[in-house]
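Residue strings, one per chain:
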2 protein chains.
Amino acid sequence: MGRKRIRDIRNKELIEATIVAVHRHGYGVVTMAEIAQEAGASAASINYYFGSKEGLMEATMRHLLTKLKVAMIQGYTGTKTPKERLYAVMDANFADDLYTVERCSIWMQFWANAPYSPRLSRLHRINRARVRSHFLAELSQLLTADQVEPARQALQCYMDGVWLQAAQSDQSVDPKTARAAAHQVVDLVIR
Amino acid sequence: MGRKRIRDIRNKELIEATIVAVHRHGYGVVTMAEIAQEAGASAASINYYFGSKEGLMEATMRHLLTKLKVAMIQGYTGTKTPKERLYAVMDANFADDLYTVERCSIWMQFWANAPYSPRLSRLHRINRARVRSHFLAELSQLLTADQVEPARQALQCYMDGVWLQAAQSDQSVDPKTARAAAHQVVDLVIR
DNA sequence: AAATATTTTTTGAATGATCATTTAAGTTTT
DNA sequence: AAAACTTAAATGATCATTCAAAAAATATTT
């Protein structure tokens, strides 16, 4: 029973601490000691659980990606039309617990650093491909073949851009407004 | 005459080397030695010219911002209509010598790190404000008051998102296609 | 239950490596 | 000669990671 408990608890604690610490100090310069302090643990324990700093970063990103994936899958249930599913993708990306300055900031940090880490790079590629295929599947039912790719590009770039702006924002962001705006952009793109 | 020559030459060389080195290694981890090697100089000489690593980074970003600003001002000459000027803003951002994987990658690095450096942060804010005001000036002549801000948001996010995608790309990107796509997005947004 | 053994978890301190910056001594240019 | 430029080497600081030993939890035996 208790076999896996502590390990799971620590994993979660350390990943949450990583998110906070990366947001606070920046991915490139955050130290193990800062993360450990945030979690109320020691730097050595991070290596005990994750093997290395890079291992921790990968686990943290994996955790965030999973959340996004789950949000998208949940959003799909109950949708009937392609348009509704496009809305759902947007809604998942701008969900209340994902579209915050802190989360967007983390994403941005990972994006910027993914090209220099094979492990992060791989995760990033997988996520991007999934979003892409979702968009393509729905858009191809709504537009002519030659319109699909430009429309996907427009939607996906818009989505990324909004996150990027949120990451730069010094005030807090409003998920509800973001979702409404995103719906309007979907409407624009599919005519 | 020659008073400033060498200094100017070294400044340029070191900034170019910084761009290459940051793209190659990442902003967070690139070392003075790597930049110096790229420029065929010594790490000590960078401090002689720029005072510190952060000074070099700021100068590099300032250099890139100036290029963008010049491209935008040049693009404006000869434009007659608001729509043409919106096209011009897009064309400047996706100009042949600015919209490359390498350049976009550098931008991305700076974006991600700006929040943690007051000097970078300041530059970033200035640039963003300029782009914003350009968009607003033109859009307010084409749309009703309540449509302006959503449209600006859509265009600016799209622009940022395209750069972000380019930064992640492993192939090279095509500026001409990007400009054409951007024009289409402008058309969509202003009806 | 108590005592003991075993495994898992935790961390302080050492290790070793990296790196920005400074300094002092040269070299080149003016 | 003076000023500007250049860099090798020294400095000092930071940090991820390792290690050994302790503490805590769990399992086993009495």
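See above for the structure.
Below is a short write-up of the structure. (Residues numbered from 1 in each chain as written. Chains lettered and ligands numbered in written order. Predicted model: local features only at pLDDT ≥ 70, side-chain atom pairs only at ≥ 80, totals over all residues. Heavy atoms only, no water.)

Focus: the environment of Phe94(B)
Residue and element names in this part refer to chain B.
Phase 1: Following the sequence through the fold, Phe94 ends up in the loop between helix 5 (82-93) and helix 6 (101-113).
Phase 2: A residue is classified by how much of its surface remains accessible, and Phe94, at 0% relative accessible area, is buried.
Phase 3: When the C-alpha positions of Phe94 and Thr177 are compared, they lie 9.3 Å apart, and in sequence the two are 83 residues distant.
Phase 4: Excluding residues within four positions of it along the chain, Phe94 makes contact with Tyr99, Met159, Val162, Trp163, Pro175, Ala178, Arg179 and Ala182. (Helix = DSSP H or I, 4+ residues; strand = E, 2+ residues; numbered from the N terminus. Buried < 20%, exposed > 50% of the residue type's maximum accessible area, 1.4 Å probe, protein only. Contact = heavy atoms within 4.5 Å.)

What to know about the protein's contact with DNA strand D
Phase 1: Surveying the vicinity of DNA strand D reveals 16 residues, the closest of which are Thr31(A), Met32(A), Lys53(A), Arg10(B) and Tyr49(B).
Phase 2: Across the atoms of DNA strand D situated within 4 Å of the protein, the share located in sugar and phosphate is 73%.
Phase 3: Lys53(A) is positioned with one of its backbone polar atoms (N or O) 2.8 Å from a phosphate oxygen of DNA strand D.
Phase 4: Between DNA strand D and Ser42(B), the relevant distance is 3.2 Å, taken from a phosphate oxygen to a main-chain nitrogen or oxygen of the residue.
Phase 5: For the surface near DNA strand D, the element with the most residues is helix 3 (residues 43-50) of chain B, which contributes 4 residues.
Phase 6: Class assignment for the residues of the surface near DNA strand D results in 8 nonpolar, 5 polar and 3 charged. (Near = heavy atom within 4 Å. Polar contact = N/O pair within 3.5 Å; in protein donor to acceptor, adjacent residues only side chain to side chain. Nonpolar A, V, L, I, M, F, W, Y, C, P; charged D, E, K, R; others polar.)

Re the interface of chain A and chain B
Phase 1: Counting residues at the interface gives 30 residues for chain A, matched by 30 residues for chain B.
Phase 2: For the chain A and chain B pair, buried surface summed over both sides reaches about 2500 Å², with 60% attributable to carbon and sulfur atoms.
Phase 3: Put simply, chain A and chain B have 0 salt bridges between them.
Phase 4: Our count for the chain A to chain B interface comes out at 10 residue pairs in polar contact (both at pLDDT 80 or more).
Phase 5: At the level of elements, helix 1 (5-25), helix 6 (101-113), helix 7 (118-142), helix 8 (145-168) and helix 9 (175-189) of chain A are the ones that each hand at least two residues to the side of chain A that touches chain B.
Phase 6: The leading source of residues in the side of chain A that touches chain B is helix 8 of chain A, at 13 residues.
Phase 7: Looking at the side of chain A that touches chain B, its residues break down into 14 nonpolar, 12 polar and 4 charged. (Buried area = accessible area lost by both parts, 1.4 Å probe. Salt bridge = Lys/Arg side-chain N within 4 Å of Asp/Glu carboxyl O.)

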